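The residues making up each chain are set out below.
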Amino acid sequence: MYSPAPTRYDTPFIYRRCGRSGLQLPLISLGLWHNFGGVDVYENGRAIVRRAFDLGITHFDLANNYGPPPGSAEENFGKIFHADLIAHRDELIVSTKAGYHMWAGPYGEWGSRKYLLSSLDQSLKRLQLDYVDIFYHHRPDPNTPLEESMGALAHAVRSGKALYVGLSNYKPEETARAAKILRDLGTPALIHQPRYSMLDRWIEPALLDVLAAEGIGCIPFSPLAQGLLTNRYLHGIPEDARAAKNGFLKAERITPELLAKIQKLDALAQTRGQSLAQMALAWTVRDPRVTTALIGASKVAQLEDNFAALQTLDFASDELARIDAILG
Ligand code: NDP
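Residues numbered from 1 in each chain as written. Predicted model: local features only at pLDDT ≥ 70, side-chain atom pairs only at ≥ 80, totals over all residues.

> Got a minute to help me understand unusual backbone geometry in this structure?
The phi torsion of most residues other than glycine is negative, and most of the peptide bonds are trans. Cis geometry marks the peptide bond from glycine 67 to proline 68, where omega comes out at -10°. Along the chain, proline 68 falls in the loop between strand E4 (59-61) and helix H2 (72-85). Residue alanine 225 is not a glycine yet carries a positive backbone phi of 50°. Assignment of secondary structure puts alanine 225 in the loop between strand E9 (217-218) and helix H7 (256-271). Residue alanine 225 is classed as partly exposed on the basis of its 19 C-beta neighbours within 10 Å. (Helix = DSSP H or I, 4+ residues; strand = E, 2+ residues; numbered from the N terminus. Buried ≥ 20, exposed ≤ 12 C-beta atoms within 10 Å, placed from the backbone.)

Below is the structure:
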């Protein structure tokens, strides 16, 4: 029987308010995109989820299509929840999303009301939950009126199947329009989930300003650039690493130029007494408009390494300048 660590809420300053909402999220949240699917080792994923909860990580992020096969990460999380966490439902923030391809035919992806609400019902069945805490539109749909997609999110809240709504991969201007529609519907956007890391800083010029103005939190995904901003690839590509699996992180991405930057960042992290992953996570949440960094992990040890980033969050201005110079 698993019994969560009684010390799990003892780490100081771990929670940050999500935009202007009443909800606080841990500075590090755990995503189940990789390593929690039907093809993965269930007990490994279960150990990572349990360890996360023991550390005070209350937020677990899913989507309809996470696996592989699609849907299996939600099924596995549902199993873990019922085996280990059911007594702690009110301590957990579970999110899911719909937007990418999930089933055949014209109603299995994008942003129609038909797709979004059917997908949420399917997710709840796989998760074996009555409601999710956050339901996201996973990507904007250029062919569906924004009013229809946002209306579906608002309906999910009114019907009790979600507590809050979120947007993912929306550009700044789309975000502002969506936020207005959601506010008018009485279900303000809680959070935005963009890709953001030292290797992809697109949110800095405009999106963060929009989020701050609208009172929306920000949960960057892939803050470690899928593992590139860790010690994983410093000495080649390990067999069990994501870049060896020919999926979303291609080995070709690791060019000599990129590797040189990663080595310099690693050296700088060492001068701060941190691993590169820890420095990359501290850097991701350095701006208070960023609520939480949404990490992945394939091993409990990675999760623990990442969590220890919280011990050194501050940067001297010359360290930030040095990082900018390395990144070019
Ligand atoms: P990260 O950038 O955190 O990459 C995670 C990977 O980095 C791990 O699987 C592992 O790779 C490696 N890693 C993590 N910690 C360490 C460490 N301390 N030392 C060495 N290697 C480490 O995030 P993800 O790309 O996994 O994305 C995180 C979450 O974001 C997803 O689970 C999902 O919830 C969300 N997401 C959302 C998207 C959206 O469109 N909204 C898109 C993508 C992700 P390895 O497996 O090789 O060990």
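So much for the structure itself; the text now carries on.
> Help me out: how do you make sense of the environment of histidine 34 in this one?
In this structure, histidine 34 sits in the loop between strand E3 (28-31) and helix H1 (42-54). The class for histidine 34 is buried, based on 22 C-beta atoms found within 10 Å. Between the alpha carbons of histidine 34 and alanine 73 there is a distance of 8.3 Å; along the sequence they are 39 residues apart. Excluding residues within four positions of it along the chain, histidine 34 makes contact with Arg242 and Gly296. (Contact = placed C-beta atoms within 7 Å.)

> Please clarify how the site of the ligand should be interpreted in this entry.
Lining the immediate surroundings of the ligand are 31 residues, of which Gly31, Trp33, Phe221, Gly227 and Gly296 lie closest. Only strand E10 (293-295) and helix H9 (300-307) provide two or more residues apiece to the shell around the ligand. If you tally residues by element for the shell around the ligand, the top one is H9, at three residues. Residue composition of the shell around the ligand, grouped by class: eleven nonpolar, 16 polar and four charged. (Near = placed C-beta within 6 Å. Nonpolar A, V, L, I, M, F, W, Y, C, P; charged D, E, K, R; others polar.)

> I'm lost on the packing of helix H5 (residues 172-184) against helix H6 (residues 207-214) in this one. Help?
Helix-helix packing: each pair is described by the crossing angle between the helix axes and the interaxial distance. At their nearest, the axes of H5 and H6 sit 9 Å apart, and the two run at 15° to each other. Of the possible angle classes, the one that applies to H5 and H6 is roughly parallel. For H5 against H6, the interelement crossing comes out right-handed. In this structure, H5 uses Pro172, Thr175, Ala176 and Ala179 to contact H6, whose residues at the interface are Leu207, Val210 and Glu214. Here the residues of the contact of H5 with H6 are counted per class, giving five nonpolar, one polar and one charged. (Axes fitted to C-alpha atoms, helices over the stretch in contact; angles between N-to-C directions. Parallel < 35°, antiparallel > 145°, perpendicular 65-115°, else oblique. Left-handed = near helix turned anticlockwise from the far one by under 90°.)

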